Amino acid sequence: MTGADGEAESLQKLAGAAARWMSNTSGTAVECAAVLHRQRSCTVTAGSTAGTAALAASEDEHVDGPTALGSALAAPTVIGQAGARWQAYRKRLLEHGLGAALALPLELQPGSSAALVFLGPPDYGFPARILADASWFGDVASQSLKLALDVHGVIRAGDNLKQVLESRTSIDVACGVLMAQNRCSYAEAFSRLAGTSRNRNLKVRSVADGILKAMPSGAPRTRFEPPAIA
């Protein structure tokens, strides 16, 4: 999961692994839908098959299933035929050729929540012994997803830092060009860049890049070197 290309792929890998584990544990073919909620971010959904992925994605529209309520579930919950709370969700399961469902909330960092929903065939019901095994798997899945999200966060931070440094390099060199051409200070050169940026409705970085591309040697490249080891 940590080697996946983004959170969506990590969740997809988790859904696939969860389906294989539950199928082996229960002795019958079980699929898995998964959803990840994060503050200030779009909901991420996945499934071990195209059908279960579509079922997970529909939760935002219907808001009546266990993945939409994943953060409110405190323990593994079997969604069977009884109970009015899940009637609409059960109807959709039957339309997809599925039977009972086992919702498994995952414990993540504050501001994030996730849930897996194991989906059995029409004639299958999750026995009591499966609940204990599911709780164990939930702990493993929670730690794995936490680690994957941490890794993706570090990668995003590194990409953002690289973009910032590249922008700073372009702006600083462009200011140097303007300082040499106009015999002005850095503050005055940056003010010229900012003024052009406002007038042309462009980012300061774009204005700077335009100046550097006009240079005979072209725009300089930003170098990223590892820190020296004492």
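Every value quoted in this text rests on a predicted model; they were computed, and no experiment measured them. Residue indices follow the written sequence of each chain, beginning from 1 at its first position. The predicted origin of the model limits local features to residues at a pLDDT of at least 70 and limits the giving and counting of side-chain atom pairs to 80 or more, whereas totals for whole chains, interfaces and linings rest on all residues. Hydrogens and waters are ignored; side-chain quantities use all the structure's heavy atoms.

**Observations regarding the overall build of the protein**
In this text, helices come from DSSP runs of H or I with a minimum length of four residues, and strands from runs of E with a minimum of two, each type numbered from the N-terminal end. Secondary structure assignment for the protein yields 7 helices and 5 strands. Ordered by position from N to C terminus, the α and β elements of the protein give α-β-β-α-α-β-α-β-β-α-α-α. Of the contacts formed within the protein by residues at least 6 apart in sequence, a portion of 58% connects residues at least 24 apart. Every accessible area reported is derived by Shrake-Rupley at a probe size of 1.4 Å, with residue values counting cover from the shown protein chains alone. On the protein, roughly 13000 Å² of surface is accessible, and the fraction owed to carbon and sulfur atoms is 53%. The contact definition used throughout considers only heavy atoms, calling two residues in contact when any of these lie within 4.5 Å.

**Focus on the environment of S206**
For S206, the position within the fold is in helix α7 (residues 204-213). Burial here depends on accessible area, computed with a 1.4 Å probe over protein chains only, as a share of the maximum for the residue type. Under 20% is buried, over 50% is exposed, and the range in between is partly exposed. Exposure remark for S206: the relative accessible area of 38% places this residue in the partly exposed category.

**Points about the sheet that holds strand β2 (residues 44-47)**
Pairs of strands are assigned from DSSP output, requiring at least two bridges between the strands. The strand order across the open sheet built from 5 strands is β2-β1-β5-β4-β3, with neighbouring strands paired in antiparallel fashion. At either margin of the open sheet sits one strand with a lone partner, and together these are β2 and β3 (77-79). The sheet shows a mean angle of 20 degrees between the axes of neighbouring strands, direction not considered. The sheet contact formed by strand β4 (residues 101-106) and strand β5 (residues 112-119) spans 6 bridges and is antiparallel. The residue of β5 that forms the bridge with P105 is A115. Between the N-to-C directions of two axes lies an angle of 0 to 180 degrees, each axis being a line fitted to C-alpha atoms and, for a helix, fitted only over the stretch in contact. Packed onto the sheet, helix α2 (residues 50-57) meets β1 (31-38), β2 and β5 and runs at close to 155 degrees relative to β2.

**Details of the state of the cysteines**
To count as a disulfide, a pair of cysteine sulfur atoms needs to be within 2.5 Å. A full pass over the atoms with the stated rule returns 0 disulfides. Free of any disulfide, C184 has its nearest neighbouring cysteine sulfur in C175, separated by 8.3 Å.

**Quick word on the side chain of R90**
Along the chain, R90 falls in helix α4 (residues 87-95). Of note is the side chain of R90, whose polar atom sits 2.8 Å from the backbone oxygen of G99. Pairing of N or O atoms within 3.5 Å defines a polar contact, subject to two protein rules: one partner must be a possible hydrogen donor and the other a possible acceptor, and residues neighboring in sequence count only if both atoms are side-chain atoms.

**Points about the confidence of the model for the protein**
Confidence of the predictor in every single residue is expressed as pLDDT, which spans 0 to 100. Averaged over all residues, the pLDDT of the protein equals 80, while 82% of them reach at least 70. No element of the protein has a lower mean pLDDT than helix α3 (residues 59-62), which averages 74, and none a higher one than helix α1 (residues 7-26), which averages 90. Overall, residues 222-230 carries pLDDT values under 50, and its contacts beyond four positions in sequence, including any with other chains, amount to 6 contacts.

**What to know about the nonpolar core**
Take the buried Ala, Val, Leu, Ile, Met, Phe, Trp, Tyr and Cys residues and link them wherever side-chain atoms come within 4.5 Å; each set so joined is a nonpolar core. Core analysis: the biggest nonpolar cluster contains 29 residues, and L116, F118 and F126 have the highest contact counts within it. Going through the elements one at a time, α1, β1, β2, β4, β5 and α5 (128-182) are the ones with two or more residues in this core. For this core, the leading source of residues is α1, giving 7 residues. Residues in contact with F126, not counting those within four places in the same chain, are M22, V30, V78, A100, A101, L102, F118, L119 and G120.

**Observations regarding unusual backbone geometry**
Even without a glycine there, the phi angle at R183 is positive, about 50 degrees. Among the structural elements, R183 can be located in the loop between α5 and α6 (186-200). The exposure class assigned to R183 is exposed, which follows from its relative accessible area of 79%. Although it is not a glycine, N201 adopts a positive phi angle of roughly 55 degrees. Checked against the element boundaries, N201 lands in the loop between α6 and α7. Given a relative accessible area of 70%, N201 falls into the exposed group.

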